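# Notes for the structure review
Below are the chains, spelled out letter by letter.
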Amino acid sequence: MADFVFNVSRLLGQQPGAQRAEAVEAPCAVMKVPELIKPVLGTARMTRIENAILVSGNMRSTVRVPCARCDCDVDVDVEFELADQFVPVGSDLSEENQQYLADCWRLDKRHNLDLIEVLAEGVVSAIPPFAACDQGCRVSELEEETSGPRIDPRFEPLYKIRQDMFPKDLKDEG
Ligand SMILES: [Zn+2]
């Protein structure tokens, strides 16, 4: 079995509080997160709780995203915590339970606990929105052109004429 799917039949048969820890390794190829460049690694602690299996633990990986300043590739280490509940298929669907179950993941019929989706969610939420590379990069050339008041030397005479003709116009700009 892959290192991100665990059979919890035994744990389900145990008393609340029973625990089990498993090493997690989810290769990029199985994760539907294009930014991932390394497998997701960590230790998942599975705890039998009243109605479910609680999965907790720290996970880490590396993503490749564009630098917010220069647009080159930046590799960023990401880290996130799991805190997810998995309930058995066919759990008691009394009204009281339904709301609770809506926030839970499902085990499959054989009581396999598949972490792939919670791992993908964790990675996506851990990707920093404005990653920047280390090497004091500069803003992209395009940005620099539009932000500065630099004038193309070839147009300088024209600019001067315009300045004489519409001084007010320029003042508004500056
Ligand atoms: Zn950069």
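For every chain, the first residue of the written sequence is number 1, and numbering continues from 1 along that sequence. The predicted nature of this model means local features are confined to residues of pLDDT at least 70 and side-chain atom pairs, given and counted, to a pLDDT of 80 or more, with totals for whole chains, interfaces and linings taken over all residues. The basis for every side-chain value is the complete set of heavy atoms in the structure, and neither hydrogens nor water enter the calculation.

A separate point is the overall build of the protein chain. Runs of H or I in DSSP of at least four residues are treated as helices and runs of E of at least two as strands, each being numbered from the N terminus. In terms of regular secondary structure, the protein chain is built from six helices and seven strands. Counting helices and strands in the order they occur from the N terminus, the protein chain gives β-α-β-β-β-β-α-β-β-α-α-α-α. Burial classes: relative accessible area under 20% of the type maximum marks a residue as buried, over 50% as exposed, and values in between as partly exposed (1.4 Å probe, protein chains only). Taken over 174 residues, the protein chain has a buried fraction of 33%. The contacts in the protein chain between residues at least 6 apart in sequence include a share of 54% that link residues at least 24 apart. In this description, contact between two residues means that some pair of their heavy atoms is separated by no more than 4.5 Å.

A word on the pairing of strand E4 (residues 53–66). Consecutive side chains along a regular strand alternate between the two faces of the sheet. As paired elements, strand E3 (residues 40–48) and E4 share six bridges and run antiparallel to each other. Looking at E4, one finds that glycine 42 is bridged to methionine 59. Two strands are said to pair when DSSP picks up at least two bridges between them. Taking the residues between adjacent antiparallel strands as the criterion, E3 and E4 are bridged by four residues. With 14 bridges joining them, E4 and strand E5 (residues 73–87) adopt antiparallel strand pairing. Following the sheet pairing, glycine 57 is matched in E5 by leucine 82. Taking the residues that link successive antiparallel strands as the turn, the E4-E5 hairpin has six residues, and the phi of aspartate 71 there is positive, at about 75°.

Locating aspartate 84 in the fold gives a position in strand E5. As a buried residue without a salt bridge, aspartate 84 has its nearest oppositely charged side chain in arginine 106, at a separation of 13 Å. Among the polar contacts listed, one links the side chain of aspartate 84 to the side chain of tryptophan 105, at a separation of 3.2 Å. Ignoring any residue separated from it by four or fewer positions in sequence, one finds aspartate 84 in contact with Ile53, Leu54, Val55, Trp105 and Val118. Counting rule applied: Lys, Arg positive; Asp, Glu negative; His and chain ends not counted. Between Lys or Arg on one side and Asp or Glu on the other, a salt bridge is scored when a side-chain nitrogen of the former is within 4 Å of a carboxyl oxygen of the latter. In the analysis that follows, any N or O atom pair within 3.5 Å is treated as a polar contact, provided that within protein one partner can donate a hydrogen and the other can accept it, and provided that, for residues neighboring in sequence, both atoms belong to side chains.

Evaluation of the coordinates by the stated rule reveals two salt bridges. Put simply, arginine 20 and glutamate 22 hold a salt bridge, and the shortest N to O gap is 2.9 Å. Residue class for arginine 20 comes out partly exposed when judged on its relative accessible area of 24%. With a closest N to O distance of 2.6 Å, aspartate 75 and arginine 64 form a salt bridge. Placement of the pair is aspartate 75 in strand E5 and arginine 64 in strand E4, with a sequence separation of 11 residues.

Each aromatic ring pair is summarised here by two numbers: the centre-to-centre distance and the angle between the ring planes. In summary, the pairing rule links any two rings of Phe, Tyr or Trp, Trp by its six-membered ring, whose centres are within 6.5 Å, and it sorts them by plane angle into stacked for under 30 degrees, edge-to-face for over 60 and tilted for everything else. Here the structure, examined in full by the defined rule, presents one aromatic pair. Each ring, one from phenylalanine 86 and one from tryptophan 105, has its centre 6.3 Å from the other, and the planes form 25°; the classification is stacked. Of this pair, phenylalanine 86 sits in strand E5 while tryptophan 105 sits in strand E6 (residues 105–106), and the two are 19 residues apart along the sequence. Looking at phenylalanine 86, the relative accessible area reads 1%, which means it is buried.

Examined bridge by bridge, E5 and E6 share two bridges and lie parallel to one another. Bridging from a neighbouring strand, phenylalanine 86 pairs with tryptophan 105 of E6.

What follows is about a nonpolar patch on the surface. A contiguous nonpolar surface patch, about 430 Å² in accessible area, is contributed by Leu158, Ile161, Met165 and Phe166. For phenylalanine 166, a relative accessible area of 43% gives the class partly exposed. Nonpolar side chains (Val, Leu, Ile, Met, Phe, Trp, Tyr) are joined into patches within 5 Å and like charges within 9 Å, using only residues with over 30% relative accessible area and no salt bridge. Values of accessible area rely on a 1.4 Å probe in the Shrake-Rupley scheme; residue burial ignores everything except the protein chains shown.

Remember that the coordinates give geometry; whether it matters functionally is a separate question.
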